Amino acid sequence: MTAKLILGTEIREVILKEIEEEVKEIKAKYGKVPGLVTILVGSNPASVSYVTLKIQTAQRLGFHEVQDTRPENMSEAELLALIDKYNKDDLIHGILVQLPLPKHIDEKKVLNAIDPDKDVDGFHPINVGRLMIGGSEVKFPPCTPAGIQELIVRSGVPTDGAEVVVVGRSNIVGKPIAVMMMQKGPGANATVTVVHTATKDLAFHCKRADILIVAAGVPGLVKPEWIKPGACVIDVGVNRVGEKISEKTGKKVPILRGDVDFEAAKEIAGWITPVPGGVGPMTITMLMKNTLKSLKYKLGLM
Ligand code: NAD
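Structural notes, computed from the coordinates. (Residues numbered from 1 in each chain as written. Predicted model: local features only at pLDDT ≥ 70, side-chain atom pairs only at ≥ 80, totals over all residues. Heavy atoms only, no water.)

1. Examining the sheet that holds strand S3 (residues 64–70)
Within a sheet, adjacent strands bond to each other through the backbone by hydrogen bonds, running parallel or antiparallel.
Logical step 1: Across the sheet, 3 strands lie side by side as S3-S2-S4; this open sheet has parallel pairing. Edge positions in the sheet fall to S3 and strand S4 (94–97), since each has one partner strand and no second. Strand-to-strand twist of the sheet, defined as the mean angle between neighbouring strand axes without regard to direction, takes the value 15°.
Logical step 2: By the bridge criterion, 7 bridges tie strand S2 (residues 35–41) to S3 in an arrangement that is parallel. Within S3, the position partnered with Thr 38 by the bridge is Gln 67.
Logical step 3: The strands touched by helix H2 (residues 45–60) are S2, S3 and S4; relative to S2, the strand with the most contacts, the crossing angle is about 165°.
Logical step 4: Running over the sheet, helix H3 (residues 76–87) touches S2, S3 and S4 and is turned about 175° from S2. (Pairing = 2+ DSSP bridges. Helix = DSSP H or I, 4+ residues; strand = E, 2+ residues; numbered from the N terminus. Axes fitted to C-alpha atoms, helices over the stretch in contact; angles between N-to-C directions. Contact = heavy atoms within 4.5 Å.)

2. A few points about the nonpolar core
Logical step 1: Counting residues in hydrophobic clusters, the biggest one holds 48 residues, and the most contacted among them are Ile 19, Ile 148, Ile 213, Ile 234 and Met 288.
Logical step 2: Every element with two or more residues in this core is listed here: helix H1 (8–30), helix H6 (143–154), strand S5 (163–167), helix H7 (174–182), strand S7 (211–214), strand S8 (232–235) and helix H10 (280–298).
Logical step 3: Here this core takes 7 residues from H10, the largest share from any one element.
Logical step 4: Counting 19 residues, the second largest nonpolar core, distinct from the first, contains Ala 3, Val 165, Ala 209 and Ala 265. (Core = buried A, V, L, I, M, F, W, Y, C linked by side-chain atoms within 4.5 Å. Buried < 20%, exposed > 50% of the residue type's maximum accessible area, 1.4 Å probe, protein only.)

3. Re H7
What sets the pattern is the α-helix's 3.6 residues per turn: residues three or four places apart point alike.
Logical step 1: The buried fraction of H7 amounts to 7 of the 9 residues, a majority that puts the element mostly inside the structure.
Logical step 2: The complete set of buried residues in H7 reads Gly 174, Pro 176, Ile 177, Ala 178, Val 179, Met 180 and Met 181.
Logical step 3: Looking at the buried residues of H7, the elements they touch are helix H5 (125–133), H6, S5, strand S6 (191–195) and S7.

If you want it as structure tokens, here you go:
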């Protein structure tokens, strides 16, 4: 069997088009556009490139976009005051603080200071609680899990009553996607198992999965013989396993691998995401969707 490829690069374009259309309609009718601020403390190269991508996407969609870059030695109190300023700014509907923060700043304190109604990353405890309750309570689902669910739904993978196995229990991927897939409703309603480092027999659980979502950060962790024929395999892992020279730019770029042995797995699975180009492109897309939602909540459209 050769699996159908689930390409985040293609699905992203469809969703961004939808967002762009909605932004135009809302602007024409209400004279308002979604506003997103990205706060970057320091100049970590990976963070700079993530923030640049977020800014470029927001600009492409016609958002009001503010880039706020601060020096590495900014104090925690200064950062909290900055967040307070954007909490009160009517033109801003989404506040994104790029992680990781410098060690002298308490990440938890900072994330908890963001107004939950502008927390488009979905990391504030209030939004985590809303996600747990489910249904109309959910305001901002966290971006990577929301992207995974979109990939599953838009690829026509049946979820109702499906056995979903999630490898990993992190707060940003494993736990939230497990909660989302078990909720009653379309694109979910599954029977969910979460496996992690203390699980006794990983292979046993993976083999039962109709939908296998792997977010461990261990290259090649999931072996092809652990995959049920015809299953949907979502590989969230992004692991740097070396470097190569880019044919396009002639510069050194990292070689990326997922948590699944893709080449062998694609001969067994029914659907599979590649790395890169699968889940990766969806995270920023869902950030944009959440920022648009935030404006819609404010206008009473949701
Ligand atoms: P994390 O390190 O916080 O969590 C990893 C989880 O996997 C842990 O809960 C751990 O128990 C489990 N795990 C690790 N090794 C295991 C093993 N051998 N057997 C069973 N379980 C094991 O990582 P995270 O933030 O959830 O990210 C996971 C992976 O997904 C990473 O490769 C990360 O780069 C990637 N990621 C990608 C995106 C994206 O594409 N947009 C977003 C977030 C994370």
